[in-house]
Structures are given as C-alpha cells and as structure tokens.
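# Fold and geometry: a report
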Amino acid sequence: MKFTIGYRTLKTAVGAGLAIAIAEWLKLDFYTSAGILTILCIKITKKRSVISSWERFAACLLGILFAAGFFTLIGYHFYALTLLLILFIPTTVAFNLKEGIITSSVIILHLYTLQKISWSIVLNEVSIIVIGIGMGLIMNLYMPSMEKTLLNMQKELETRYKKIFHEFHLYLAHNNHEWDGKEITECADLISNAKSHAFRDVENHFLRYENQYYHYFKMREKQFEIIQRMLPILSSIDKTYIQGEKLGEFFERLGAAVHPGNTAALFLDDLERIRQEFREMHLPKDRQEFETRSKLYQLLQDIEDYLLIKKRFKINDGPNS
C-alpha cells in the first residue's frame, strides 16, 4: 500500500491546527469547531473554496437567527430543535447554501447545548466561524501550478496520436495487422483527465475565465472522434492497393507532424493532390477494388475533417503555438 502526504493534506492539517490554536488562545467555547470549519473549507480549487466559505458563513448566520427565534419562542426542547431543523434545512437549500447545512447545524447545536442565547454567546459563535473559515481561505491561497502537468499531458497525447497514425500507415501500406489498439483507450482517458485538470486550473485564478490548454484538449477531442470514425473503415480494408499505400504514407507524414503548431493548411494541400491522383487512376478492376476505393475516399474525407478542425483552431488558443 502506497502512503503519501499531499500538499492539500498538509494544508488541511496545518490550517485546522492553527484555527483551533487561535480559537483556544482567545478562550472561545467549542474552539475545536474552528478546526472543523477549516477542514471543510479547503477545496481542490480557490474558487470552490471561496464559494464553500461564503455558503458556510451565510448559513451559520442564518442558523443563529433561526435558533434565536425558535428557542426564544418555544424553548430549549427536543421538539423545538426538530421543528427548527425541519424548516431550516429547506431554507438553506432555497437560498443555495447547501454547503453550509452541516456547519450551521453544529452552531445551532452549540446554542441548544448552552440552553441560552446572549450577545456574548453569539459573538463566540461568530468568532469561531470567522477563524475557521478565514484560516481555510488563507490555506487555500497557495495552489501549485498545473502548467507542467498539462504540458506533459499534451506531449503524451501527441505521442499517442503519432503512434496511431504510424499504425494506420503500417496497415494501409504494408497490410500489418499486429496493432492492439491500446492507444485509442489511452487517448480517451488522457483527454478526459487533461480537460478536467485544465478546468481546475481556471478555477484557481479568479480573473481567468478560460484556459489555453482546455481549448487545445477540446480541439484534440474533436479530432479523436474522427480518428475513432476512421477505425472501422480501416479495419474493413483487407488488401493492399496502390491508393492505400499512398494514403498510408500520408498518415505517416501526418503523424510525424503532430504538435501544437498549426500546419493543417499544408497537409490540406497535400490531401487535395492525393485526391486528384485518385481521380486520374484507372477504373477499378473488380468489385472488391471498387469498394476499397470507396472506403479510401471516405478516409480522405475524414482526414480533411480532422485537418479542418486544427486549421480553425486559433493560434492564440493553443499552448506553445
């Protein structure tokens, strides 16, 4: 079993400890609750942490108001607490404060335990809330950069694209059937993870609403859909033809040029030349060759769609373009 301590674990532990220490130093009642609040407010991104903190803070204040009203009017009885929670929880949901239900319920239980409400008690609870949430926000000010991770994911994806096109070349030009196709599954997983990481990077910057890598991986995802579309066409071609060899060589060149830069226009010109050569060839000798040529023409169209996606991809949208 692998045992690791990540930066988020460290932040949570240190933040909770500091929050409890400050609350205890101030001689607050229920001071350990400050640590619980800190733990709950440390999220995987800065934006989520701020949203969570706001929801918890607002819900706690709302909980104090509910507790003051119900316990003053009905008294400190279990049925008063039950009725309070029955009405309080839907109210927090209605105000979109779902994150704060647990923490505000703890504050309400503090007041129920004390069996009284005064300004000093309210100040005690608000102090715990401010210390706990504030420490969580401070701990979440640092988020490690994802630039290196995203760049590595980009390189890994491009390596697999190259491998896929190389296998397409071997199949069409040399009738090689030995490829196990594992890169297809790997690409799907890589794209999904990379988009998730890129979106998380956006949420770690308050003034950034998009990520250059997210656009890049979204573009690759669209291309990948076309690559998947090519697979059944390729697998149905069971014999080597001169047209297939030419297209296979094109795939080899295309794979070698997979990188962040935009060279799609050059390949579109090459593709048009290949299409023209196909038109000028002699007519098919038999039905099998006719069907094969039809499939190769379909591959030409799919390749064109693949290249057009990259051509429309703005230079300033992509990393290192």
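These remarks concern the structure in this document. (Residues numbered from 1 in each chain as written. Predicted model: local features only at pLDDT ≥ 70, side-chain atom pairs only at ≥ 80, totals over all residues. Heavy atoms only, no water.)

### Concerning helix 9 (residues 212-235)
Between the first and last C-alpha of helix 9 there are 35 Å, a value that for 24 residues agrees with the 34 Å anticipated at 1.5 Å per step. All of the buried residues along helix 9 are Tyr213, Tyr216, Phe217, Met219, Arg220, Gln223, Phe224, Ile226, Ile227, Met230, Ile233 and Leu234. (Helix = DSSP H or I, 4+ residues; strand = E, 2+ residues; numbered from the N terminus. Expected span 1.5 Å × (residues − 1). Buried < 20%, exposed > 50% of the residue type's maximum accessible area, 1.4 Å probe, protein only.)

### Thoughts on the pattern of salt bridges
A complete count under the given rule lists nine salt bridges for this structure. The salt bridge involving Glu221 is made with Lys195; its shortest N-O contact spans 3.0 Å. Here the residue Glu221 occupies a position in helix 9, and Lys195 occupies one in helix 8 (residues 182-203), the gap between them amounting to 26 residues. Linked through salt bridges whose partners overlap, the residues forming this network are Lys195, Lys218 and Glu221. (Salt bridge = Lys/Arg side-chain N within 4 Å of Asp/Glu carboxyl O.)

### Some words on the side chain of Asp302
Along the chain, the position of Asp302 falls in helix 12 (residues 287-312). Among the polar contacts made by the side chain of Asp302, one reaches the side chain of Arg229 at a distance of 3.0 Å. Among residues more than four places away in sequence, those in contact with Asp302 are Ile226, Arg229, Met230 and Ile233. (Polar contact = N/O pair within 3.5 Å; in protein donor to acceptor, adjacent residues only side chain to side chain. Contact = heavy atoms within 4.5 Å.)

### With respect to a nonpolar patch on the surface
Taken together, the side chains of Ile5, Leu10, Val14, Leu18, Ile22, Trp25 and Leu26 make up a nonpolar region of the molecular surface, amounting to roughly 700 Å² of accessible area. Relative to the elements of secondary structure, Leu26 occurs in the loop between helix 1 (7-25) and helix 2 (32-41). (Patch = residues over 30% accessible without salt bridge, like charges linked within 9 Å, V, L, I, M, F, W, Y side chains within 5 Å. Areas by Shrake-Rupley, 256 points an atom, 1.4 Å probe, with all protein chains shown as cover.)

The quantities given are spatial measurements derived from coordinates; they are silent on function.
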